[in-house]
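Chain residues, written in single-letter form:
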Amino acid sequence: MAGRINDDDVKAVRDAVPIDSVVSEYLQLRSAGGGNLKGLCPFHDEKSPSFQVSPSKGLFHCFGCQEGGDTIAFVMKIDHLSFSETVERLAAKAGITLRYEEGGYNPSHQRGERIRLIEAHQAAAEFYVRALESPEAEIGRKFLAERGFDQEAAAHFRVGYSPAGWDHLTRYLRGKGFSDKELITSGLSQDGRRGPIDRFRGRLMWPISDTAGDVVGFGARKLRDDDNGPKYLNTPETPIYKKSQVLYGIDLAKKDIAKASRAVVVEGYTDVMACHLAGVTTAIATCGTAFGNDHIKILRRLLMDNGSARVIFTFDGDAAGQKAALRAFEDDQKFAAETYIAIAPDGMDPCDLRLVKGDDAVRDLVEPRTPLFEFALRQIVGRYDLETPAGRAAALDEAAAVVAKIKTSSVQREVAVQLAGFVGILDQEFVVRRVAQLARWARDKGGEGRGGDGRGGRGPGPQDRRGGAPQQSAQAYPAPAGRTASSGPALHLRSPAHRTERELLKLALQKPALVCPAFDAYGVDEFTAPPYAAVRRCIEEAGGAERGLGDSREYLVAVMDAAPDDTVRNLVTELAVEVFHGKTIDENYAGVQLVQVRLRAVDRRIDDVQSSLARLGSNVAPHELAAAQNEVWVLQQYAQSLRARGADAL
């Protein structure tokens, strides 16, 4: 596997590939004013353009769906690629040779090897497709026809045939200039007594592609009785093919999965074909292995952790299919999507169902029927004798542990109530308490629920003296009760405080020279809107606005990298491309925003101290009363100075 791409090379790729030229390959852009461009967002349906691109900053942001980021983020999102795949693609476009770290990755050899192996697979796929038209391949064409797949369907999925001879493909690829070592490494050939021979012989061939559409392996189906091999034979593990990291049909289904926020997981190649031909174009399948963690990662990238996303498993109704479903449920909690299972009443797979009952039956099958957790619980409970107290107790013990893993407490409680009904326990609250107890034990064992976010202390507060302000600790200005940097009340853009905080953050991101060095002395707690406080913390962790005085793109990337989640990261890109409210953006405008944010923080502190004194009344100690009164006096003097002198008082 490749090592980590050198950071300087990633930066070089960002700088070398203009974001507007990349985005223009997917949508039409026109001027939005202020040097920005706009167009219809490719990530959600809209009638008027809310998608903006800032060529000077190398960023994009959609004010409709909140997607945003740099050139790399755009290509990752629109083509559903990993970070490294995206950088490699953009580097090739820009003619940049990448260096790799953390694994002895030799770019001149390894990356060239990957290209050669993919080229070999592409040539093999074309060879197999042509071979399907040969007289020898009649048995393969008959197999497809018996399952309802005509010539057009075979061509759409690039189904082919591997000739039964020992080395037809090997000799063909040698003629194309591929070495024996490359053929063995690719998995297309294997060692024979007198040199390389074809790995796949006399079989129906399905090309397996990665998310970028490159063929990286094959699935081969046995056709003849004298073939002593397994029913299905897949490409072995190679530098470009890892069976746990590929999904058959993902290249065809990825756009519809992202658009519909739905994925249908089936068991075989013909099931994928049947679903797509029936109109279920979000169907994919694993390749000779169980559905696991790496497959989940692929789907999560496509589904984008949308809360309304659905993953539907269509396992066979036999014991093996039920076992596969239970195994899938073990990883269910790693999805943000809702998971379901769909099993035809007569146990047919999608291919057989389409053949017997038609396309409508396939479409009806994958409409969500049973939540995967419910199916799993019924399978567990069904193994016990519920007519006896001991059987019910044993069923509850095993099933309650499963329910305790459910993500949200409200859903967990609802399912616990259902579990009580499955088991036949009338006391629903007993089951709810049992599940909650197991969930607490699991959290305690896993170390969850520890306080703190590991980010360290706050920056200087509003009384940090940078030109006349009284010296005091930042702790004099705690964040409003119940709020954190990333949670709390929603933004209210009609609020003067929120509007000013927003303008100040836009200045810090877009024109840091106008607010430095004063801005970097502001504490996170001076921003009353939790989302804005989160952005302020990101700027702080990226080195402060002062870092933006150098390379502005590198600064913005550092701020985005400091974001704790996509919500905050998208807000950073939004603020980095949004136009200012003022007509003239200069030092005077910046000074007004700095003063207003600081002044409101000082006024809040005065109110807090006076409210505390009012609540305590005569119970406050004389020395504490004197200290509080002195603090109020100092703050009032500072507030008067800010109102009279403006930014000079900062």
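Placed above this text is the structure.
Quick look at the structure, then. One numbering rule holds for all chains: residues counted from 1, following each sequence as written. Two thresholds apply to this predicted model, a pLDDT of at least 70 for residue-level local features and 80 or more for giving and counting side-chain atom pairs, whereas whole-chain, interface and lining totals are computed over all residues. The side-chain quantities take in all heavy atoms of the structure and omit both hydrogens and water.

1. Section: the overall build of the protein chain
- Going along the chain from the N terminus, every DSSP run of H or I of four or more residues is numbered as a helix, and every run of E of two or more is numbered as a strand. For the protein chain, the count of helices and strands is 25 helices and 18 strands.
- Each residue gets one of three labels from its accessible area relative to the maximum for its type: buried under 20%, exposed over 50%, partly exposed in between, using a 1.4 Å probe on protein chains only. For the protein chain, buried positions account for 48% of its 650 residues.
- Of the contacts made within the protein chain by residues no fewer than 6 positions apart, 66% connect residues no fewer than 24 positions apart.
- Every accessible area reported is derived by Shrake-Rupley at a probe size of 1.4 Å, with residue values counting cover from the shown protein chains alone. For the protein chain, the accessible surface area stands at approximately 30,800 Å², while carbon and sulfur atoms represent 48% of it. We call two residues in contact whenever any of their non-hydrogen atoms come within 4.5 Å of each other.

2. Here's the deal with the side chain of Ser-50
- In this structure, Ser-50 sits in the loop between β3 (36-39) and β4 (51-54).
- At a separation of 3.5 Å, a polar atom in the side chain of Ser-50 contacts the main-chain amide nitrogen of Gly-64.
- Those residues in contact with Ser-50, other than ones at most four positions away along the chain, are Gly-39, His-44, His-61, Cys-62, Phe-63 and Gly-64. We call two N or O atoms a polar contact when they sit within 3.5 Å, provided that within protein one can donate a hydrogen and the other can accept it, with sequence-adjacent residues counted only if both atoms are side-chain atoms.

3. Examining the sheet that holds β4
- What the five strands build is an open sheet, ordered β2-β3-β4-β5-β6; its pairing is antiparallel. Only two strands of the sheet have a single partner each, and these edge strands are β2 (30-33) and β6 (68-70). Mean inter-strand twist for the sheet, computed between neighbouring axes without regard to direction, equals 25°.
- Here, strands pair whenever DSSP counts at least two bridges between them. Both β2 and β3 contribute to a ladder of three bridges, which runs antiparallel. Counted as the bridge partner of Arg-30 is Lys-38 from β3.
- Note on definitions: angles span 0 to 180 degrees between N-to-C directions of axes, and those axes are lines fitted to C-alpha atoms, for helices only across the stretch in contact. Against the sheet, helix α3 (residues 71-79) engages β4, β5 (59-62) and β6, with an angle of about 120° to β6.

4. Considerations on the layout of surface pockets
- When its volume is computed, the largest pocket comes out at roughly 1,100 Å³.
- Counting residues per element, the ones that place at least two in the lining of the largest pocket are α1 (7-16), β6, α3, α12 (293-303), α22 (552-561) and α23 (566-577).
- Nonpolar residues are Ala, Val, Leu, Ile, Met, Phe, Trp, Tyr, Cys and Pro. Charged residues are Asp, Glu, Lys and Arg, and all others, Gly as well, are polar. Partitioning the lining of the largest pocket into residue classes produces twelve nonpolar, seven polar and 19 charged. A cavity, in this analysis, means grid points on a 1 Å lattice covering only the protein atoms where a 1.4 Å probe fits yet has no way out; a pocket is instead an open set bounded by protein on both sides within 12 Å along at least five of seven lines, and a residue lines either one if it has an atom within 4 Å of a point. Grid points are joined across faces, edges and corners, and a volume is the space filled by probe spheres set on the points.

5. So, the pattern of salt bridges
- Each reported salt bridge corresponds to a side-chain nitrogen of Lys or Arg within 4 Å of a carboxyl oxygen of Asp or Glu. Applying the stated criterion across every chain yields a total of 30 salt bridges.
- The residue Glu-429 makes a salt bridge to Arg-413 at a minimum N-O spacing of 2.5 Å. With Glu-429 in helix α19 (residues 428-446) and Arg-413 in helix α18 (residues 409-423), this residue pair connects regions lying 16 residues apart in the sequence.
- Because the salt bridges share partners, they merge into one network encompassing Arg-502, Glu-503, Lys-506, Glu-574 and Glu-578.

6. Focus on the pairing of strand β17 (residues 338-341)
- Direction of pairing for strand β16 (residues 310-313) relative to β17: parallel, over a ladder of four bridges. Residue pairing across strands places Arg-310 opposite Glu-338, the latter belonging to β17.
- Direction of pairing for β17 relative to strand β18 (residues 370-371): antiparallel, over a ladder of two bridges. Bridge pairing in β18 places Ile-341 opposite Thr-370.

7. Section: the side chain of Arg-14
- If you trace the backbone, Arg-14 turns up in helix α1.
- Only 2.5 Å separates the side chain of Arg-14 from the side chain of Asp-70, close enough to count as a polar contact.
- When sequence neighbours within four positions are dropped, the list of residues in contact with Arg-14 reads Asp-70, Ile-72, Phe-83, Arg-553 and Val-557.

8. A look at the sheet that holds strand β8 (residues 160-162)
- Taken in spatial order, the four strands line up as β8-β11-β12-β13 in an open sheet, and their pairing is antiparallel. Each of the sheet's edge strands pairs with one partner strand only, and the pair in question is β8 and β13 (232-234). Averaged over neighbouring strand pairs, the angle between their axes works out to 35° when direction is ignored.
- Running at roughly 70° to strand β11 (residues 203-209), helix α11 (residues 269-277) makes contact with β11, β12 (215-222) and β13 of the sheet.

9. Some thoughts on α18
- Here the expected span of a helix is defined as 1.5 Å times the quantity of residues minus one. Relative to the 21 Å expected for 15 residues at 1.5 Å per residue, α18 spans 21 Å between its end C-alpha atoms, a close match to the ideal helical length.
- Buried within α18 are the following residues: Gln-412, Val-415, Ala-416, Leu-419, Ala-420, Phe-422 and Val-423. The arc that holds the buried residues of α18, viewed along the axis, is 160°, so those residues lie on one side. Residues of α18 that are exposed and angled more than 90 degrees away from the buried face: Ser-410, Glu-414 and Gly-421.
- Gly-424 occupies a position one or two residues after α18 and carries a positive phi of about 90°. To obtain the arc, one takes the directions from the helix axis to the C-beta atoms.

Structural measurements only, silent on function.
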